[in-house]
Amino acid sequence: MLPGLAAAAAAHRCSWSSLCRLRLHCRAAARGSSERQAENIGAELKAPLIKQEPLQVRVKAVLKKREYGPKYTQNNFITGVRAINEFCLKSSDLEQLRKIRRRSPHEDTESFTVYLRSDVEAKSLEVWGSPEALAREKKLRKEAELEYRERLFRNQKILREYRDFLGNTKPRSRTTSVFFKGPGKVVMVAICINGLNCFFKFLAWIYTGSASMFSEAIHSLSDTCNQGLLALGISKSVQTPDPTHPYGFSNMRYIVSLISGVGIFMMGAGLSWYHGIMGLLNPQPMESLLWAYCILAGSLVSEGATLLVAVNELRRSARAKGMSFYKYVMESRDPSTNVILLEDTAAVLGVTIAATCMGLTSITGNPLYDSLGSLGVGTLLGVVSAFLIYTNTEALLGRSIQPEQVQRLTELLENDPSVRAIHDVKATDLGLGKVRFKAEVDFDGRVVTRSYLEKQDFDQMLQEIQQVKTPEELETFMLKHGENIIDTLGAEVDRLEKELKKRNPEVRHVDLEIL
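Residues numbered from 1 in each chain as written. Predicted model: local features only at pLDDT ≥ 70, side-chain atom pairs only at ≥ 80, totals over all residues. Heavy atoms only, no water.

- Under an unreviewed UniProt entry, the protein chain has the name Proton-coupled zinc antiporter SLC30A9, mitochondrial and belongs to Equus caballus.
- What UniProt records for the protein chain under Sequence similarities (unreviewed entry) is the sentence "Belongs to the cation diffusion facilitator (CDF) transporter (TC 2.A.4) family. SLC30A subfamily."
- If you open the UniProt record of the protein chain and go to Catalytic activity (unreviewed entry), you find "Zn(2+)(in) + 2 H(+)(out) = Zn(2+)(out) + 2 H(+)(in)". (UniProt positions renumbered as here; feature names shortened; annotations may be inferred.)

Written out as structure tokens, the structure reads:
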């Protein structure tokens, strides 16, 4: 066993000596590496300095986002009239402020002068001293304006009374002249004829006691009243638009035609049915019908003459619109003449029905036929009133114009170089041949910009571009020309609106929205 232990001890001493030698070798290598690093550092320090190119780092210029609060909106423009009214200034006060010429939104003026709102506000504080003093002055001026309006109303009332007393020597107004041509002439002729017919039919009914004659008298009375309403609507429809009604009063013709239809139903048809039913329940013998036949014959001739006048007027209007007579009547394009046409047609048919039933009563001696004639006239009036109510309601709801007209207006816009597309086209008939056109227009920005550049001095613009060195200068350059391009876009909208109205005189109001 001792020899084994001796061998193990010898092996252990050998491995320990090897480990010691390895440690010494590593220390020597580390010392040599440190010496080489020190030599390299010394050599670098001793070497001459070499000039190196600076490191270039590209930084992206980003424009700082602005917060557009009330302070920024003080740079908004305000017109001279608003500045004087809202800030209680005088014209002499505005002469000292900065003036800016802007494109006018109105057709009759090319450009107008505006002021910066911040300048106007500062000037008002300079004039009045404080916001409280300005508020007091506004209140005083408002009270003075109300008092002025009251005095003006009283003076106008006195002037009207003076004219009524001494007579008005002014030339014939537009409202009066409208009754001497077109639908107004037809209505006035119908009022005169139906008024006379109503008078004579009531005389015949009192003399004979005929239910059919009573229905015809009521029929003529309702026609006369309704045509009086039509005359009122015609006179109202030609009034000049005012701030309360910017699109005018042309729809008054449809309104009074609708009221006329309701009146025919309630007054004409209702009373005729009532009198007919009472005749069936309590038949009464009738007197001689000779005078009734004579009055009905005269009524047939007069109603036929009025009907002929209305037909001729409607044919002329339909021909001018390029429409058929039937389509023009069904769409109620001329509501006043349409009412006259239907009322006179019903009057001619009603006279025929009344004469037939009265003849049967004379032949048979049975008054029930006369009562049936009254019910027939009432039914005819009910049909006419239902048609008038339907057609005028459709017109008042905002009816579109003919598809051919819409297509013509659309093609005019689409063929313009500055327009890429149009959407949401609406063309509404306002009555009296007036049309309102609305469309959303997608403009070609390249064409609009080129239109602006054609009016610029390129040499001066190139100099401005070369002077741009900082983001702030770039912002100033873009804001200047961007605002001018927007003005050019507005001018393009004005040009298209004028072109639409020029080529289509019936288009009175054009609303083009920019997409």
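### Side note on the UniProt feature "transmembrane region" (unreviewed entry) in the protein chain
Moving on, step 1. The UniProt record marks residues 186-207, 254-277, 289-311, 346-365 and 371-390 with the feature "transmembrane region" (unreviewed entry), using the residue numbering of this structure.
Moving on, step 2. Note that residues 254-277 is 100% helix and 0% strand, and that its end C-alpha atoms are spaced 33 Å apart.
Moving on, step 3. Structurally, residues 346-365 is divided into 95% helix and 0% strand, and its ends, taken at the C-alpha atoms, are 27 Å apart. (Helix = DSSP H or I, 4+ residues; strand = E, 2+ residues; numbered from the N terminus.)

### Description of the confidence of the model for the protein chain
Moving on, step 1. The predicted model of the protein chain averages 76 in pLDDT, with 77% of residues at 70 or higher.
Moving on, step 2. Per-element confidence in the protein chain ranges from a low mean pLDDT of 47 for helix α1 (residues 2-46) to a high of 90 for strand β5 (residues 434-443).
Moving on, step 3. Considering only residues more than four positions removed or in separate chains, one finds that residues 1-16, a stretch of pLDDT under 50, has zero contacts.
Moving on, step 4. This stretch, residues 168-173, has a pLDDT under 50; its non-local contacts, to residues over four places away or in other chains, come to four contacts. (pLDDT = per-residue confidence, 0-100. Contact = heavy atoms within 4.5 Å.)

### What to know about the packing of helix α17 (residues 458-466) against helix α18 (residues 471-503)
Moving on, step 1. Between α17 and α18, the least distance of the axes is 10 Å, while the angle of their chain directions is 150°. It follows that α17 is roughly antiparallel to α18 by the angle criterion. Crossing geometry of α17 relative to α18 is assigned as left-handed. Between α17, through M461, E464 and I465, and α18, the contact on the second element is made entirely by F477, K480 and H481.
Moving on, step 2. Its residues assigned to classes, the contact of α17 with α18 shows three nonpolar, one polar and two charged. (Axes fitted to C-alpha atoms, helices over the stretch in contact; angles between N-to-C directions. Parallel < 35°, antiparallel > 145°, perpendicular 65-115°, else oblique. Left-handed = near helix turned anticlockwise from the far one by under 90°. Nonpolar A, V, L, I, M, F, W, Y, C, P; charged D, E, K, R; others polar.)

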